[in-house]
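An overview of the molecular structure
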Amino acid sequence: MSFRDNLQYLRASQSMTQEQLAMLLGVSRQSVTKWEAEKSYPEMDKLLKLCQIFDVTLDDLVQGDVTQQPVSPTAQAKAAALRANAGVPPQDVCGYDDHMRLFARNIAAGVSAIMLGVALFMAVTGWAETQAPAFEAIALVPLFVGIAAGVAFILVGAMRHTEFQRSHPYIQDFYTTEDRHRAQRLFSVTLVAGIALVFVGIVIMALGDSAPEFVQMELAAVMMACIAAAAGLIVYGSMMLGRLNVANYNEAREQALAEGELWEGVQSMDAATLRSTYTDEQICLMLGVPDASDEEIDRARARLARRHRKGKLTGGLCAIIMIGATIVGLALLFVPAWCTDYFWLAWAFGGLLCAVAAIAVSTFTKDE
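Please read all numbers here as calculations on a predicted model, not as lab measurements.

**Digging into the overall build of the protein**
- If you tally the helices and strands in the protein, you get 16 helices and zero strands.
- By residue count, 37% of the 368 residues in the protein fall in the buried class.
- Within the protein, contacts between residues at least 6 apart in sequence are counted, and of these 70% link residues at least 24 apart.
- Split by element, the accessible area of the protein, about 19,700 Å² in all, is 65% carbon and sulfur.

**As for the environment of alanine 247**
- Positionally, alanine 247 belongs in helix H11 (residues 246-259).
- What makes alanine 247 partly exposed here is its relative accessible area of 42%.
- Taking the C-alpha atoms as reference points, alanine 247 and isoleucine 171, 76 residues apart in sequence, are found 8.4 Å from one another.

**What about the pattern of salt bridges?**
- This model, assessed by the stated rule, comprises seven salt bridges.
- As a salt-bridge pair, aspartate 179 and arginine 182 come within 2.4 Å of each other at their nearest N and O atoms. Residue aspartate 179 and its partner arginine 182 are both found in helix H9 (residues 177-207); the two are separated by three residues, about one turn of the helix.
- A cluster of three or more residues bridged by salt bridges with shared partners is formed by Glu178, Asp179, Arg182 and Arg185.

**Quick look at the nonpolar core**
- By size, the foremost hydrophobic cluster in this structure holds 18 residues, and its most contacted members are Leu21, Leu50, Phe54 and Leu61.
- Elements that contribute at least two residues to this core include exactly helix H1 (3-13), helix H2 (18-25), helix H3 (29-36) and helix H4 (44-54).
- Looking at which element gives the most residues to this core, the answer is H4, with five residues.
- With 16 residues, the next largest nonpolar core counts Ala119, Met122, Ala228 and Ala231 among its residues.

**Overview of the packing of aromatic side chains**
- In this structure the tally under the stated criterion is six aromatic pairs.
- On the numbers, 6.1 Å between centres and 80° between planes, the contact of tyrosine 96 with phenylalanine 174 is edge-to-face. Of this pair, tyrosine 96 sits in helix H7 (residues 96-131) while phenylalanine 174 sits in the loop between helix H8 (140-167) and H9; the two residues are 78 residues apart in sequence, bridging distant segments of the chain. Residue tyrosine 96 shares its accessibility class with phenylalanine 174, and that shared class is buried.
- Ring plane angle 85° and centroid distance 5.2 Å describe the contact between phenylalanine 121 and phenylalanine 343, whose orientation is recorded as edge-to-face. You can see phenylalanine 121 sitting in helix H7 and its partner phenylalanine 343 sitting in the loop between helix H15 (294-334) and helix H16 (345-364), a full 222 residues away along the chain.

Rules behind the numbers
Residues numbered from 1 in each chain as written. Predicted model: local features only at pLDDT ≥ 70, side-chain atom pairs only at ≥ 80, totals over all residues. Heavy atoms only, no water. Helix = DSSP H or I, 4+ residues; strand = E, 2+ residues; numbered from the N terminus. Buried < 20%, exposed > 50% of the residue type's maximum accessible area, 1.4 Å probe, protein only. Contact = heavy atoms within 4.5 Å. Areas by Shrake-Rupley, 256 points an atom, 1.4 Å probe, with all protein chains shown as cover. Salt bridge = Lys/Arg side-chain N within 4 Å of Asp/Glu carboxyl O. Core = buried A, V, L, I, M, F, W, Y, C linked by side-chain atoms within 4.5 Å. Phe/Tyr/Trp six-rings, centres within 6.5 Å; stacked < 30°, edge-to-face > 60°.

And the structure:
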């Protein structure tokens, strides 16, 4: 049997609609329709997902005859869950919530790890300067370990998020009012706890004003550790609240299009060429337009062009700012005349300036 026949049989045997299968795969219903009409063929990652959904091997799906095989309990359970959810509020069939929770934990842990590395650097430096000057260079070890751990957390989270976005470009909003209330309460708790930790760190630092220099440096390290914990809490709470904005997640598809390779093709095609290359449904899904008319396509292309320029401008400004911050930070760390324990503030100010630059670009370069 052909792939088309196998796919139609597997879907029909589980009483699964094209819409339901498309949601599980992270594609449009039109894509499933074209597969079953043999007008297009799924990519390898989608073939592997089909094998997981229907619990069949790749060889059987593509070249075999699945009608001769009994339906597996795994496939029956997935189909039963889809049928049970029919007519009820949307469900998280793609694992979006679990993914976003893990993403929030990774980013929060990465931010905290980097700042905690700075705190340990300050603590070891204070001890070494007064107790064991020969070991002063060792202070760099916890700093680099903290930075490495933080970058690892952030990179792993970012790569997983990118892969999830590629696999699931569109998510149906399934969050309830109670879910939103819980996220708001969590954000309030983490924000208050973070502010409290910063206040505690400042108080601890202030208590050591008249203490010896060694004690002051150790108390400064404690304050930095409190700030690290506060930053992790606030980042986690903010991302847990932000995950409920599914519309923003879906809009990222358009931003990804403006920054990806497909952008050049879309920009170089006129409306007639686009319609000859893609179906109207694909154009609407890809460009986020209500219909594939010339006016809507031109408006979408203009919007994408502005987003493309804005993304390049923001990225360029942030790169320049962080290169400058790195130069200043290294100078404050290694140049004797400028050496200070607060060299790390260069990166903090660099991050703030990047945020200001992004806000400025977003404000003065409108998407609409």
